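If you want the building blocks of each chain, they are given just below.
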Amino acid sequence: LVMAVVLSVSCTDNTKMQNLLENIPENTDFVFVGSVKTVLESAGGKIENSKIVLPNYISNEMKEGDAEKFDEANNFLKDAGIDIEACAVMMSFRNFSPILVFALEDQQKFVDVLKQKGYQKDSDKGDAVFYVKPSESDYGSPNYVALNGSFAYVIMENYLRSDFNAISYLERVIEDAAEAN
């Protein structure tokens, strides 16, 4: 990894961080790995009933639309079986397409929530399964998710160029990580 910021000391189980890093290619330009729970707690927030509770100084400043989006994301985290102790953001400077990578506590719960949110299975390659959700706006591009074992890779619509093939890129990321390990 050319540049890596690792907050593994903030994770209660460094094995989770190591497993997460093994699912990120060595040639990745930027990786930020950490525990959402620990970062949240250091800012005065907490996890309560598997949901993120923001500190008042943040939640009081949120606009109504932002608060609704946060609640939707929070429900997704709660219902989808995501392990918030092992999350990462990775990016290649060549593609400028950040990928969220996180461990799953329950892959089937995650797939069920994806389907509820309108994601459709796109393809399979090896052990990886790819899902796509069409954009909800006329100008946006789709959201993409790749599942590989107990890890999920997510590319959001805001970061995609019209000539960018997200499925091929996710396939390459998964293959490169597997080759390194």
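Model, not experiment: these values are computed from the prediction.

A. Representation of the confidence of the model for the protein chain within the structure. For the protein chain, per-residue confidence averages 80 on the pLDDT scale, and 85% of positions sit at 70 or higher. Per-element confidence in the protein chain ranges from a low mean pLDDT of 44 for strand β1 (residues 3–6) to a high of 93 for strand β8 (residues 128–133). Scored below 50 in pLDDT, residues 1–12 makes 35 contacts in the model with residues more than four places away or belonging to other chains.

B. Structural detail: the packing of aromatic side chains. Considering all chains together, one arrives at one aromatic pair under this definition. A centroid spacing of 5.8 Å and a plane angle of 70° characterise the contact between Phe102 and Phe110, whose relative ring orientation is edge-to-face. Considered together, Phe102 and Phe110 belong to a single accessibility category, that of buried residues.

C. Looking closely at the layout of surface pockets. Taken as a whole, the second largest pocket holds about 200 Å³ of empty space. If you trace the second largest pocket, you find it lined by Val36, Leu40, Ile52, Leu54, Met62, Asp66, Lys69, Phe70, Ala73, Asn74 and Leu77. Those elements giving two or more residues to the lining of the second largest pocket turn out to be α2 (36–42) and α4 (64–79). With six residues, α4 is the single largest residue contributor to the lining of the second largest pocket. Classifying every residue of the lining of the second largest pocket gives eight nonpolar, one polar and two charged.

D. The arrangement of helix α5 (residues 107–116) in detail. Among the residues making up α5, those that are buried are Phe110, Val111, Val113 and Leu114. End-on view of α5: buried residues confined to an arc of 165°, all on one side of the axis. Residues of α5 that are exposed and point more than 90 degrees away from the buried face comprise Lys115 and Gln116. Its side-chain oxygen placed 3.1 Å from the backbone nitrogen of Gln108, Asp106 serves as the N-cap of α5. Positioned one or two residues after α5, Gly118 has a phi angle of 95°, which is positive.

E. Here's a closer look at the environment of Asp127. Mapped onto the fold, Asp127 is located in the loop between β7 (120–125) and β8. Owing to a relative accessible area of 69%, Asp127 belongs among the exposed residues under this scheme. Sequence-wise, Asp127 and Asn148 are 21 residues apart; in three dimensions their C-alpha atoms are separated by 5.9 Å. Leaving out residues up to four positions away in the same chain, Asp127 has contacts with Leu147 and Asn148.

What counts, and at which threshold
Residues numbered from 1 in each chain as written. Predicted model: local features only at pLDDT ≥ 70, side-chain atom pairs only at ≥ 80, totals over all residues. Heavy atoms only, no water. pLDDT = per-residue confidence, 0-100. Helix = DSSP H or I, 4+ residues; strand = E, 2+ residues; numbered from the N terminus. Contact = heavy atoms within 4.5 Å. Phe/Tyr/Trp six-rings, centres within 6.5 Å; stacked < 30°, edge-to-face > 60°. Buried < 20%, exposed > 50% of the residue type's maximum accessible area, 1.4 Å probe, protein only. 1 Å grid on protein atoms, 1.4 Å probe; cavity = no way out; pocket = protein on both sides within 12 Å on 5 of 7 lines; lining within 4 Å. Points joined across faces, edges and corners; volume = space filled by probe spheres on them. Nonpolar A, V, L, I, M, F, W, Y, C, P; charged D, E, K, R; others polar. Arc of directions from axis to C-beta. Polar contact = N/O pair within 3.5 Å; in protein donor to acceptor, adjacent residues only side chain to side chain.

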